[in-house]
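# Residue-level structural notes
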Amino acid sequence: MKNLIQKYNIPGPRYTSYPTVPFWDKEGIALEDWKKTVKKSFFESNDIEGISLYIHLPFCESLCTFCACHKKITKRHEVEQPYIETVLKEWDLYCDLFEERPKIREIHLGGGTPTFFSSENLRKLINGIFKRADKFDIFDFSFEGHPNHTSEEQLQTLYDLGSRRNSFGIQDYDPKVQKAIHRVQSFEQVKKVHELSKKIGYESISHDLIFGLPFQTEESIRNTIKNTIALKPDRIAYYSYAHVPWIKGVGQRGFEDSDLPKDSEKRHLYELGKQLFFDNGYVEIGMDHFALPSDSLHKAMEAKKLHRNFMGYTAGKTELMVGLGMSSISDSWYAFAQNEKDVDDYTEKVNAGIIPIFRGHLLTDKDLIIRKHILNLMCNLETEWKIGLDAQIKKEIIERLKPIIDDGLVEVSDERVKVKEEGRMFVRNICMTFDLRLIENKPDTRIFSMTI
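Residues numbered from 1 in each chain as written. Predicted model: local features only at pLDDT ≥ 70, side-chain atom pairs only at ≥ 80, totals over all residues. Heavy atoms only, no water.

### Quick look at unusual backbone geometry
Note that the residue after tyrosine 18, namely proline 19, is joined by a cis bond; omega there is -5°. Topologically, proline 19 is positioned in the loop between α1 (2–8) and α2 (31–45). Of note, the bond from glycine 111 into glycine 112 is cis; its omega dihedral lies within 30 degrees of zero at 15°. When you line up the elements, glycine 112 lands in the loop between β4 (103–111) and α4 (119–130). (Helix = DSSP H or I, 4+ residues; strand = E, 2+ residues; numbered from the N terminus.)

Below, the structure written as structure tokens:
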């Protein structure tokens, strides 16, 4: 296994979209074309499955140096209200496109730190969304919380607004690791917000952990997972640390590359965690996720209804996902569009009555076919050839898969490609053999984190 890890530990996408952002068309997408795809997707799906909303709340009081998200560091909470007002103005711009009331199946508040915002402003945001929308028959509302900055009042407010699921960014409990990544929080504080969530009535609580962080050891991971298991969260995301210090603004500093676990050492931390989760009743979901059998994510996997988008894995698929807020990415199935990354630029466009996208990608017919295959592999660990590929492309994919087949990681038949249990950790590499955009446009410089 050590040799396979060295062989396949190469830069590669995480496939929260296809095409991946670096391979979106350089000329982007015209705003009118984006609007057309949004309207098309809305009218195809609103009554059948509803739509999803991702709302980016970018503010944090301090910088976590492992984080590659778009955020704005400030302790000035007077920024909350004008930002919420701008997000609601952006929502109005989309609702004007729809011509009928949208039915929302899923809302996720991400960041940044959503619980940076006061209960009053969170209430204003969600109530403002539903002034022009209804809930779909199935409704899932989740949010991300920082354990040090989540109060009982915020938890109760979001619950009263319809949230039944939350996630807390834990990352690691080891003091040396926490200091390096500038994310210092005690187990006692995590326990407090976890137990408050259960007391209030949240039905699914997730803890986010990261392996591959600076100074992590087998002992520190064992302790982190021991503490996590003691609280028995319904879901656990066990992410590989994506070290991308070359990307502007990620703030990945405070440690050296030499402080990070390498290759097989890093993978050992994953395998150790995975076994500890299995020993305590968790089931592996797709890539880097675990859930108790009672959780909706596991039930979706069993029913082959698991979906993957820019938020990660979700139990419900919608054709249209609208991203609100600075840097948010929207997905109309036929196209992607990303909002302005700077708060001032974002606000200026919205106040001018313009949907604030600055780049995007209109998917070709070929893109849509490859997208289906990669989604199937990421969610169901298999895909069927009958999904539209022409004979030559299929032949080329099989040729690229040959080394992976020979290494016993994947099975290929006339009907399908199926990832073997031994191949789970290499699913990103398997998807890369389908990734025509990556193959046709090999990057000259490194743009992705390592696959292992």
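### As for empty space enclosed by the protein
A complete count under the given rule lists three cavities of 30 Å³ or more for this structure. Of the pockets and cavities examined, the largest cavity occupies roughly 100 Å³. Taken together, 13 residues line the largest cavity, and the ones lying closest to its centre are Arg267, Met287, Asp288, Arg424 and Met425. Taken together, the residues of the lining of the largest cavity break down into four nonpolar, two polar and seven charged. Of the domains in this structure, domain 1 (18–362) and domain 2 (365–441) are the two that each give at least three residues to the lining of the largest cavity. In this structure, the second largest cavity spans a volume of roughly 80 Å³. Lining of the second largest cavity is provided by Tyr15, Thr16, Ser17, Tyr18, Arg308, Asn309, Phe310, Asp331, Phe336, Arg371, Ile374 and Leu375. (1 Å grid on protein atoms, 1.4 Å probe; cavity = no way out; pocket = protein on both sides within 12 Å on 5 of 7 lines; lining within 4 Å. Points joined across faces, edges and corners; volume = space filled by probe spheres on them. Nonpolar A, V, L, I, M, F, W, Y, C, P; charged D, E, K, R; others polar. Domains from an automatic or database assignment.)

### Comments concerning the packing of aromatic side chains
Within this structure, the stated rule accounts for 25 aromatic pairs. Seen from their ring centres, phenylalanine 42 and phenylalanine 43 are 5.4 Å apart, and the 80° between their planes marks the pair as edge-to-face. For phenylalanine 42, a relative accessible area of 0% puts it in the buried group. When the centroid spacing of 5.9 Å and the interplanar angle of 45° are considered together, the rings of phenylalanine 59 and phenylalanine 117 count as tilted. Taken as a pair, phenylalanine 59 in strand β2 (residues 59–60) and phenylalanine 117 in the loop between β4 and α4 lie far apart in primary sequence, 58 residues in all. (Phe/Tyr/Trp six-rings, centres within 6.5 Å; stacked < 30°, edge-to-face > 60°. Buried < 20%, exposed > 50% of the residue type's maximum accessible area, 1.4 Å probe, protein only.)

### Side note on the pattern of salt bridges
Per the stated rule, a full pass over the model turns up 29 salt bridges. Here glutamate 49 ties to lysine 317 by a salt bridge, and the two come within 4.0 Å at their closest N and O atoms. Highlighted residues: glutamate 49 in the loop between α2 and β1 (51–57) and lysine 317 in the loop between β12 (312–314) and β13 (321–324), separated in sequence by 268 residues. Residue class for lysine 317 comes out partly exposed when judged on its relative accessible area of 34%. Where glutamate 284 meets arginine 424, a salt bridge forms, and the shortest distance between an N and an O atom there is 3.5 Å. Here glutamate 284, found in strand β9 (residues 283–285), pairs with arginine 424, found in the loop between β19 (416–419) and α14 (427–432); they are 140 residues apart in sequence, far enough to count as distant. Shared partners join several salt bridges into a network, and the residues in it are Lys304, Glu382, Glu384, Lys386, Arg416 and Lys418. (Salt bridge = Lys/Arg side-chain N within 4 Å of Asp/Glu carboxyl O.)

### Focus on helix α13 (residues 391–406)
In this model, α13 (16 residues) spans 22 Å end to end at C-alpha, consistent with the 22 Å of a helix rising 1.5 Å per residue. Taken as a whole, α13 carries its principal kink of about 40° at arginine 400; the proline proline 403 stands between one and four residues after it. For α13, the full list of buried residues reads Ile393, Ile397, Leu401 and Ile404. Backbone geometry just downstream of α13 places glycine 408 in the positive-phi region, at approximately 75°. (Expected span 1.5 Å × (residues − 1). Bend = angle between axes of the 7 residues up to and from the residue.)

### Thoughts on the layout of surface pockets
Of the pockets and cavities examined, the second largest pocket occupies roughly 430 Å³. Taken together, the elements giving at least two residues each to the lining of the second largest pocket come down to β4, β5 (134–145) and α10 (296–302). The biggest single contributor to the lining of the second largest pocket is β5, with four residues. For the lining of the second largest pocket, the per-class residue count stands at four nonpolar, six polar and eleven charged.

### Considering the domain arrangement of the protein
Domain annotation for the protein reports domain 1 (18–362) and domain 2 (365–441). For domain 1 and domain 2, the distance between their C-alpha centroids amounts to 27 Å. Listed by partner, the interface residues are 21 residues for domain 1 and 21 residues for domain 2. Of the roughly 2000 Å² buried where domain 1 meets domain 2, counting both sides, 59% is carbon and sulfur surface. When the area that domain 1 buries against domain 2 is broken down by residue, the three leading residues are Tyr18, Phe23 and Trp333, summing to 40%. Linking domain 1 with domain 2 are five salt bridges, by the criterion used here. Between arginine 371 and aspartate 331 there is a salt bridge, with the nearest N and O atoms lying 2.4 Å from each other. (Contact = heavy atoms within 4.5 Å. Buried area = accessible area lost by both parts, 1.4 Å probe.)

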